Every structure is written in structure tokens, then in C-alpha cells.
Amino acid sequence: MRVVILGSGRGSNAEAILLAKQAGKLGRAEIVQIFSDQPEAGILALGPRFGVPADYLDPAPYKTKLDGAAEEHYIAAILACQADLIVLAGFMRVIKPRFLETFSGKIINLHPSLLPSFAGLDGIGQAWRRGVKIAGCTVHYVTQEVDGGPIIDQAVVRIEAGDTLESFTAKMHAAEHVLLPAVIEELSKRF
Ligand code: GAR
């Protein structure tokens with residue numbers, strides 16, 4: 001199963017996936033490419049470290065979506081990878097219909113909340129401010145409804161007395177780093 005990872009940020013989830021692969025825990029999944037829409041993103045530094053191609057793809061002129069010529073550019077680059085699975089690991093752009101149709105059923109997203117609660121930006125902050133005691137993260141298929149596609153799996157994170165936003169955030173990331181590689185391993189069993 002050929003996997004392409006898209007990310008915009010520090011890449012801790014991409015790192016967790018690559019570490020799982022190194023440890024022989026990613027089943028039949030092969031990480032063939034990392035792409036980022038941010039030229040300075042930490043996720044790009046994982047490429048040389050793990051021996052995986054990692055490239056910036058210009059998303060201009062849009063700020064929050066992938067559309068027009070930039071969308072075509074991304075589609076062509078991912079088609080060239082012959083990707084079986086596209087993993088959005090902190091990719092902070094809305095995916096539009098042409099991209100979705102091209103890779104129908106092959107795109108999964110990690111979201112830092114127990115969907116359908118706290119969709120959209122800053123799922124961790126939303127849960128924290130709402131004062132929930134049970135939070136968590138979700139991996140789901142990407143559809144036109146933002147954060148609304150079929151849920152593949154979730155992990156629970158409890159907010160305990162004494163937690164701060166910082167400690168809660170750390171627990172959330174730790175849960176994500178287990179959940180996302182486990183989902184990829186599970187999906188790879190179909191290959
Ligand atoms: C993760 O917490 C992920 O759930 C979130 O971005 C972070 C990326 O961290 N994704 C979203 O909010 C998507 N709407 P990372 O770059 O360290 O993997």
C-alpha cells in the first residue's frame with residue numbers, strides 16, 4: 001500500500017508513522033512521499049531523516065483551501081506517486097471536489113477531537129474551553145463535508161483534575177501518535 005503524507009506543521013504524526021514503519025509496525029504500508037504546503041514546515045525535515053522524498057508544493061494563491069492550478073499541481077504530483085492512500089496529518093487546507101473525486105475513498109484525515117464534536121479549527125482548544133472531561137482524536141475518510149466523513153477509528157483522552165491546556169495537548173498528541181499508525185496498519189491489511 002503506497003502512502004503519501006500531506007502536512008502543514010511540525011510533522012509529529014508523520015514522524016510517528018515513520019517510526020512505526022521502522023519498528024515493523026505498519027503492516028504492508030510503504031511511505032513513498034511527504035508533501036507540505038508550507039516551505040518551512042518541520043514535516044519536511046523528516047524526509048532526509050527517514051529516507052523518504054519530502055517536497056514543498058506551492059498552494060498559491062489560496063490560504064485555506066486547495067483549488068485551481070494548485071489543486072491540479074497536487075493531483076498530478078500525487079498521481080505520479082501511484083498512491084493507494086493519502087494521509088492528511090495536520091494538513092490545514094480544505095480539500096475540494098476535484099481532488100476528492102480523483103482519489104475517491106483513498107484520503108484519510110486525523111482530527112484532534114472526538115468527531116462529530118469540535119469539528120473545524122483548533123479541536124483541542126475547543127474541547128478545553130468547553131470543559132469536556134472525555135476528549136480524543138479521530139481518523140476518518142475525507143468527504144466534501146469538512147471533518148464529516150465516515151469515521152474509521154477514535155481514541156479517548158480523559159481530562160483529569162490538575163490537567164492544564166499544555167498537559168491535555170500533550171496527551172492528545174500522544175494518543176494521535178498511536179491511533180494514526182494503527183489505522184494505517186489496519187488499512188494495509190487490504191493490500
Ligand atoms: C494534529 O494535532 C492534528 O490532529 C491536527 O494538526 C496537528 C498536526 O500536528 N489536525 C487538524 O487540526 C486538522 N483539522 P503534527 O504536524 O505535529 O502532526
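Residues numbered from 1 in each chain as written. Predicted model: local features only at pLDDT ≥ 70, side-chain atom pairs only at ≥ 80, totals over all residues. Heavy atoms only, no water.

Caption draft 1: Quick look at the pairing of strand 2 (residues 30-36). For strand 2, the buried fraction is high: six of the seven residues fall into the buried class. Across six bridges, strand 1 (residues 2-7) lies against strand 2 in parallel orientation. Paired with Val3 across the two strands is Ile31, which belongs to strand 2. Traced from strand 1 through helix 1 (residues 12-22) to strand 2, the parallel crossover comes out right-handed. Sheet topology note: the strand 2/strand 3 (residues 54-56) ladder contains three bridges and is parallel. Following the sheet pairing, Ser36 is matched in strand 3 by Tyr56. (Buried < 20%, exposed > 50% of the residue type's maximum accessible area, 1.4 Å probe, protein only. Helix = DSSP H or I, 4+ residues; strand = E, 2+ residues; numbered from the N terminus. Pairing = 2+ DSSP bridges. Right-handed = clockwise from strand over helix to strand, strands pointing away.)

Caption draft 2: Up close: the packing of helix 1 against helix 6 (residues 165-188). For the pair helix 1 and helix 6, the least separation of the axes is 9 Å and the interaxial angle reads 55°. The angle between the axes of helix 1 and helix 6 places the two elements in the oblique class. Judged by the sense of rotation from one axis to the other, the crossing of helix 1 with helix 6 is right-handed. Each of Ser12, Asn13, Ala16, Ile17 and Ala20 in helix 1 lies in contact with helix 6, whose residues at this interface are Glu176, His177, Leu180, Pro181 and Ile184. (Axes fitted to C-alpha atoms, helices over the stretch in contact; angles between N-to-C directions. Parallel < 35°, antiparallel > 145°, perpendicular 65-115°, else oblique. Left-handed = near helix turned anticlockwise from the far one by under 90°. Contact = heavy atoms within 4.5 Å.)

Caption draft 3: Spotlight on the site of the ligand. Neighbouring the ligand are Gly9, Arg10, Gly11, Ser12, Asn13, Gly90, Met92, Leu110, His111, Pro112, His173 and Glu176. At 3.2 Å, a side-chain N or O of Arg10 approaches an oxygen atom of the ligand. For the ligand, an oxygen atom lies 2.8 Å from a polar atom in the side chain of Asn13. In the complex, 88% of the free accessible area of the ligand, which totals 450 Å², lies under the protein chains. Sorting the residues of the shell around the ligand by element identifies helix 1, strand 7 (107-111) and helix 6 as the ones contributing at least two each. Classifying every residue of the shell around the ligand gives three nonpolar, seven polar and two charged. (Near = heavy atom within 4 Å. Polar contact = N/O pair within 3.5 Å; in protein donor to acceptor, adjacent residues only side chain to side chain. Areas by Shrake-Rupley, 256 points an atom, 1.4 Å probe, with all protein chains shown as cover. Nonpolar A, V, L, I, M, F, W, Y, C, P; charged D, E, K, R; others polar.)

Caption draft 4: Just the pairing of strand 1, in detail. Burial analysis of strand 1 places five of its six residues in the buried class, the great majority of the element. In terms of strand pairing, strand 1 meets strand 5 (residues 85-88) through four bridges, oriented parallel. Looking at strand 5, one finds that Ile5 is bridged to Val87.

Caption draft 5: Molecular detail of the sheet that holds strand 7. Strand order in the open sheet formed by seven strands is 3-2-1-5-7-8-9, with mixed pairing between adjacent strands. Every interior strand has two partners, whereas the edge strands, strand 3 and strand 9 (151-158), have only one. Mean inter-strand twist for the sheet, computed between neighbouring axes without regard to direction, equals 20°. Helix-sheet contacts for helix 1 involve strand 1, strand 2, strand 5 and strand 7, and the interaxial angle to strand 2 is about 165°.

Caption draft 6: Main features of the nonpolar core. Membership of the largest hydrophobic core comes to 40 residues, with the highest contact counts inside it found for Val3, Ile5, Val87, Ile108, Leu180 and Ile184. No other element matches the eight residues that helix 6 contributes to this core. If we skip the residues at most four places from it in the chain, Ile184 touches Met1, Val3, Ile17, Leu26, Ala29, Leu85, Val87 and Ile108. Formed by 22 residues, the second largest nonpolar core is a distinct cluster that contains Ala77, Cys81, Ile95 and Phe103. (Core = buried A, V, L, I, M, F, W, Y, C linked by side-chain atoms within 4.5 Å.)

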